[in-house]
Amino acid sequence: MKKRQGIIGIAVLCLCVLVLAGCGKKNGAYEKGLQEYEAGQYEQAVASFQEAIAQSNTEPLYYISQGMAHIELRNYEEAQKSFDYALGVDEKSGLAYRGKGIAYLKAGDYTAAIEALNSALKCADGHVSQTEFDVLKYRGEAETAAGDYDAAIETYSILLDVEKKPEDNYYLRGNVYALKGEIDLAAADFDKLVEAKPNDYAAYCCAYQSLAAAGASDRGKTYLDAALLIKDDRAVANKYRGMVQYLLGEYGNAVAEITAITGEKDAETLICLGMSYEKLGQQESAYNAYTQALNLENENAGVYNQVGLYKMRTGSYGEALDFFKKGLEFSDASTAERLMLNEALACEYNGDFAQALTVLQEYADTYGTNGEIDHELAFLKTR
């Protein structure tokens, strides 16, 4: 059973694409695969990398690239096979172990992820590059998700010592301090974050959200108030000020800021607009905003989750269930946990107690339980 202690909303900033250009031998199929990968055409990339492997099966980079494409497709078992093939060719490939760690992390197996990422670091033999910084960030994320907060703090402290631009690590470490309930230490890191990024709205919002989740929302609001003092004439500033106003509970101001945006709004902005309308009791406007978000990003699990929650709040449990199930088709471990729990609740409210029990038991087997989950399981078993 994979245990997860707590639900976190950690924004890990790390390399999403391997820096492969210029490494190892190249052939036409491999170059084509790289182009397809960069364009988000992951199925085609997998096929092109397989063609490259068929032409030369002794180049570990071909397997590693194929594994990374499988990760983007959420084919985590296939990704592990590709990385294992790479290690069969080069048993000291740090990039292959890195890939294994990312695949385990995305699948929610945090213990295995940490082990693989530690193996990647060992392959570096003391040589520190951006790849090793990236591996440490992934390790910190896995340690946080596993509930090993002390280890995560140590990992982020290392990054703060060795990275030339460590600002984001102040957020990451501060978030873990907040999860531990060490509010003063969390705030000290967040102060350093916003000092380094005085005009970055996201920095202020992330600081607030971490503190609010730890029960220190009043202290967190000081960061939101400071964000509204940023002097920013860019059109995109309306988006961020709208989000800040939403977090402050000023929903009318949030709508005013977001609707002042000229041009097309992104899915994140539309979700915030929809939630603001909901708070104001304007349900039709809220649903229109959510529908626009879905039309923009119809493979975004988070958007499906949000629309499903909206349907739950309006009593349309069958429709909510459809949205949660659709979101699970596109989710990784971090969003799958929320979607699966919401799916169980939608089944229960829809009167399908047997299916609710099945889904909630699967959730407990995957992510572990707490008192609330145990109580709900006991209730469903009596229905």
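Please read all numbers here as calculations on a predicted model, not as lab measurements.

**Student:** Just to check I follow, could you spell out the overall build of the protein for this structure?
**Tutor:** In terms of helices and strands, the protein carries 21 helices and zero strands. Judged by the C-alpha coordinates and their principal axes, the protein covers about 60 × 55 × 45 Å. Looking at the protein residue by residue over its 383 residues, the buried ones come to 49%. Here the analysis covers contacts within the protein between residues at least 6 apart in sequence; of these, 49% occur between residues at least 24 apart. A total of about 18,300 Å² of accessible surface is found on the protein, and carbon and sulfur atoms cover 47% of it. The protein carries 36 positive and 58 negative side-chain charges, and their two centres are separated by 1 Å.

**Student:** Help me understand the nonpolar core, please; the structure alone is not making it clear to me.
**Tutor:** Side chains that are nonpolar tend, in soluble globular proteins, to be buried together. Membership of the largest hydrophobic core comes to 43 residues, with the highest contact counts inside it found for Leu 273, Val 303 and Leu 360. Filtering out sequence-adjacent residues up to four positions away, Leu 360 remains in contact with Leu 341, Ala 344, Ile 373, Glu 376, Leu 377 and Leu 380. Counting 36 residues, the second-largest nonpolar core is a separate cluster that includes Phe 133, Tyr 171, Ala 187 and Tyr 223.

**Student:** Can you walk me through the packing of helix α11 (residues 201-213) against helix α12 (residues 217-227) in this structure?
**Tutor:** For any two helices packed against each other, the geometry comes down to the angle between their axes and how far apart the axes lie. Taken N-terminus to C-terminus, the directions of α11 and α12 make an angle of 170 degrees; their axes are 7 Å apart at the nearest point. When the axes of α11 and α12 are compared, the pair comes out roughly antiparallel. Residue-level inspection shows Tyr 201, Tyr 204, Cys 205, Ala 207, Tyr 208, Leu 211 and Ala 212 of α11 in contact with α12, the latter providing Ser 217, Arg 219, Gly 220, Lys 221, Tyr 223, Leu 224, Ala 226 and Ala 227. A class-by-class count of the residues in the contact of α11 with α12 yields eleven nonpolar, two polar and two charged.

**Student:** Can you help me understand the packing of helix α8 (residues 149-162) against helix α9 (residues 167-180) in this one?
**Tutor:** Axis separation between α8 and α9 bottoms out at 9 Å; the angle between their running directions is 160 degrees. By the angle between their axes, α8 is roughly antiparallel relative to α9. Handedness of the α8/α9 crossing: left-handed. Packed against α8, whose contacting residues are Tyr 149, Asp 150, Ala 152, Ile 153, Tyr 156, Ser 157, Leu 159 and Leu 160, the element α9 presents Asn 169, Tyr 170, Leu 172, Arg 173, Val 176, Tyr 177, Leu 179 and Lys 180 at the interface.

**Student:** Honestly, helix α5 (residues 94-107) in this entry has me stumped. Any pointers?
**Tutor:** Spacing of three or four residues puts side chains on the same side of an α-helix, whose turn is 3.6 residues. Between its first and last C-alpha, α5 extends 20 Å over 14 residues, near the 20 Å set by a 1.5 Å rise per residue. Listing the buried residues of α5 in full gives Gly 94, Ala 96, Arg 98, Gly 99, Lys 100, Gly 101, Ile 102, Ala 103 and Leu 105. Of the surrounding secondary structure, the elements contacted by the buried residues of α5 are α3 (60-72), α4 (76-89), α6 (110-123), α7 (130-145) and α19 (333-349). Count one or two residues on from α5 and you reach Gly 108, which has phi positive near 90 degrees.

**Student:** Whenever I open this one, the confidence of the model for the protein confuses me. Can you help?
**Tutor:** The predicted model of the protein has a mean per-residue pLDDT of 90, with 93% of residues at 70 or higher. Across residues 1-24 the pLDDT falls below 50, and counting only partners more than four positions away or on other chains, this stretch makes 67 contacts in the model.

**Student:** Could you clarify how one ought to interpret the environment of Tyr 62 in this entry?
**Tutor:** With respect to the helices and strands, Tyr 62 occurs in helix α3. When the C-alpha atoms of Tyr 62 and Ala 52 are compared, they prove to be 6.8 Å apart, with ten residues separating the residues in sequence.

**Student:** It is not clear to me how unusual backbone geometry should be interpreted in this structure. Could you clarify?
**Tutor:** Peptide bonds are, in most cases, trans, and in most cases residues other than glycine have a negative phi. The phi angle at Arg 74 is positive, at roughly 65 degrees, despite the residue not being glycine. Here Arg 74 shows up in the loop between α3 and α4.

**Student:** What should I look at first to understand the packing of aromatic side chains in this one?
**Tutor:** Any pair of aromatic rings gets described here by the distance separating the centres and the angle formed by the planes. Enumeration over the complete set of coordinates arrives at 13 aromatic pairs. Taking the centre distance of 5.3 Å and the plane angle of 10 degrees together, the rings of Tyr 201 and Tyr 240 count as stacked. One end of the pair, Tyr 201, is in helix α11; the other, Tyr 240, is in helix α13 (residues 237-248), and 39 residues separate them in sequence. Its relative accessible area of 2% is what places Tyr 201 among the buried residues. Overall, Tyr 240 belongs to the partly exposed group, its relative accessible area being 26%. Above the ring of Phe 353, the side-chain terminus of Arg 383 is found at 4.5 Å from the ring centroid.

What counts as what
Residues numbered from 1 in each chain as written. Predicted model: local features only at pLDDT ≥ 70, side-chain atom pairs only at ≥ 80, totals over all residues. Heavy atoms only, no water. Helix = DSSP H or I, 4+ residues; strand = E, 2+ residues; numbered from the N terminus. Buried < 20%, exposed > 50% of the residue type's maximum accessible area, 1.4 Å probe, protein only. Contact = heavy atoms within 4.5 Å. Areas by Shrake-Rupley, 256 points an atom, 1.4 Å probe, with all protein chains shown as cover. Lys, Arg positive; Asp, Glu negative; His and termini not counted. Charge placed at Lys NZ, Arg CZ, Asp CG, Glu CD. Core = buried A, V, L, I, M, F, W, Y, C linked by side-chain atoms within 4.5 Å. Axes fitted to C-alpha atoms, helices over the stretch in contact; angles between N-to-C directions. Parallel < 35°, antiparallel > 145°, perpendicular 65-115°, else oblique. Nonpolar A, V, L, I, M, F, W, Y, C, P; charged D, E, K, R; others polar. Left-handed = near helix turned anticlockwise from the far one by under 90°. Expected span 1.5 Å × (residues − 1). pLDDT = per-residue confidence, 0-100. Phe/Tyr/Trp six-rings, centres within 6.5 Å; stacked < 30°, edge-to-face > 60°. Lys NZ or Arg CZ within 6 Å of the ring centre and 35° of its normal.

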